[in-house]
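Overview (structure and organization)
Spelled out from the first residue to the last, the chains are:
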Amino acid sequence: KQEVTQIPAALSVPEGENLVLNCSFTDSAIYNLQWFRQDPGKGLTSLLLIQSSQREQTSGRLNASLDKSSGRSTLYIAASQPGDSATYLCAVDNDYKLSFGAGTTVTVRA
Amino acid sequence: NAGVTQTPKFQVLKTGQSMTLQCAQDMNHEYMSWYRQDPGMGLRLIHYSVGAGITDQGEVPNGYNVSRSTTEDFPLRLLSAAPSQTSVYFCASSYGGPNNEQFFGPGTRLTVL
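Residues numbered from 1 in each chain as written. Chains lettered and ligands numbered in written order. Predicted model: local features only at pLDDT ≥ 70, side-chain atom pairs only at ≥ 80, totals over all residues. Heavy atoms only, no water.

**Considering the packing of aromatic side chains**
The geometry of an aromatic ring pair is captured by two quantities: the separation of the ring centres and the angle between the planes. To keep things clear, this is the line we draw: For Phe, Tyr and Trp, where Trp contributes only its six-membered ring, two rings pair if their centres lie within 6.5 Å, and the inter-plane angle classes them as stacked under 30 degrees, edge-to-face over 60, or tilted in between. Strands here are runs of E lasting at least two residues and helices are runs of H or I lasting at least four, both read from the DSSP assignment and numbered beginning at the N terminus. For the exposure calls, accessible area comes from a 1.4 Å probe over protein chains only, and a residue counts as buried if that area is under 20% of its type's maximum, exposed if over 50%, partly exposed in between.
Across all of its chains, the model carries seven aromatic pairs over all chains by this definition. Aromatic side chains Phe100 of chain A and Tyr35 of chain B sit 5.4 Å apart centroid to centroid with 80 degrees between the ring planes, which places their arrangement in the edge-to-face category. One end of the pair, Phe100 of chain A, is in strand 10 (residues 97-100); the other, Tyr35 of chain B, is in strand 4 (residues 31-37), on a second chain. Classification of Phe100 of chain A by relative accessible area gives buried; the value is 8%.

Okay, here's the thing in structure tokens:
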């Protein structure tokens, strides 16, 4: 059974600092890994999707890396802003089923 | 496009009652899925469907039924509600399968007394 872990559970940083969010998974036989953002009381919004054959994906200030062999992914958010405050979840795809981590709740202080 | 819609947004049930959570999408996505989200835990897959007429179980299917008669709709039925089913329920869809970008609905917050 795939286990997905996100550490830390919560993170507070001053505005402008770079954010580093970690995701680890136990079964490396994945098809892809996705990062999502969830605002309080809302659904999830997809941020980045990394296929298993890829090492990283970038979108604006966001960069996600994937090391499938070691079961790790890292989401980098450059020059954080208060609007980046949210919960970030990662999910891995094993055979048509997504397994989610519990998320990292980020607070960016103005 | 409305994207993925879910109704109702909030629901309170008594133990033993049944109800259906509605999910619809207007993007012609083949893949649809239901998750529950509990405090301190990630989303857990309940059921999923790869197309009309095809459904399969996820990680936590007990106590829930699904059917997929059309591409657009994927309702989730609670047969006999239990307090353990108190949760936030999310529906998601994607083109092809979970290897593509997932689109999530706003969620249904369910409380079972």
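**Considerations on the environment of Gly16 of chain B**
Put simply, the test is: Only heavy atoms enter the contact rule, under which two residues are in contact if any of them lie within 4.5 Å.
Mapping Gly16 of chain B onto the fold places it in the loop between strand 2 (10-13) and strand 3 (19-25). Non-local contacts of Gly16 of chain B, meaning those with residues more than four positions away in its chain, are made with Leu79, Ser80 and Ala81 of chain B.

**Digging into the interface of chain B and chain A**
Counted only if it meets this: Defined here as a combined quantity, buried area equals the accessible surface (1.4 Å probe) lost by two parts on assembly, summed across both. The term salt bridge refers to a side-chain nitrogen of Lys or Arg lying within 4 Å of a carboxyl oxygen of Asp or Glu. The definition of a polar contact used here is a pair of N or O atoms within 3.5 Å, where within protein one atom must be able to donate a hydrogen and the other to accept one, and adjacent residues in sequence count solely through side-chain atom pairs.
Taken together, the contact pairs 23 residues of chain B with 20 residues of chain A. Summed over both sides, the interface between chain B and chain A buries roughly 1600 Å², with carbon and sulfur atoms accounting for 58% of that surface. When the buried surface of chain B facing chain A is broken down by residue, Pro98, Asn99 and Phe104 of chain B rank first, second and third, together holding 29% of it. There are one salt bridge connecting chain B and chain A. A salt bridge links Glu59 of chain B to Lys1 of chain A, with the shortest nitrogen-to-oxygen separation between them at 3.3 Å. The interface formed by chain B and chain A holds five residue pairs in polar contact (both at pLDDT 80 or more) in total. Sorting the residues of the side of chain B that touches chain A by element identifies strand 4 and strand 5 (43-51) of chain B as the ones contributing at least two each. Here the side of chain B that touches chain A gets four residues from one element, more than from any other, and that element is strand 5 of chain B.

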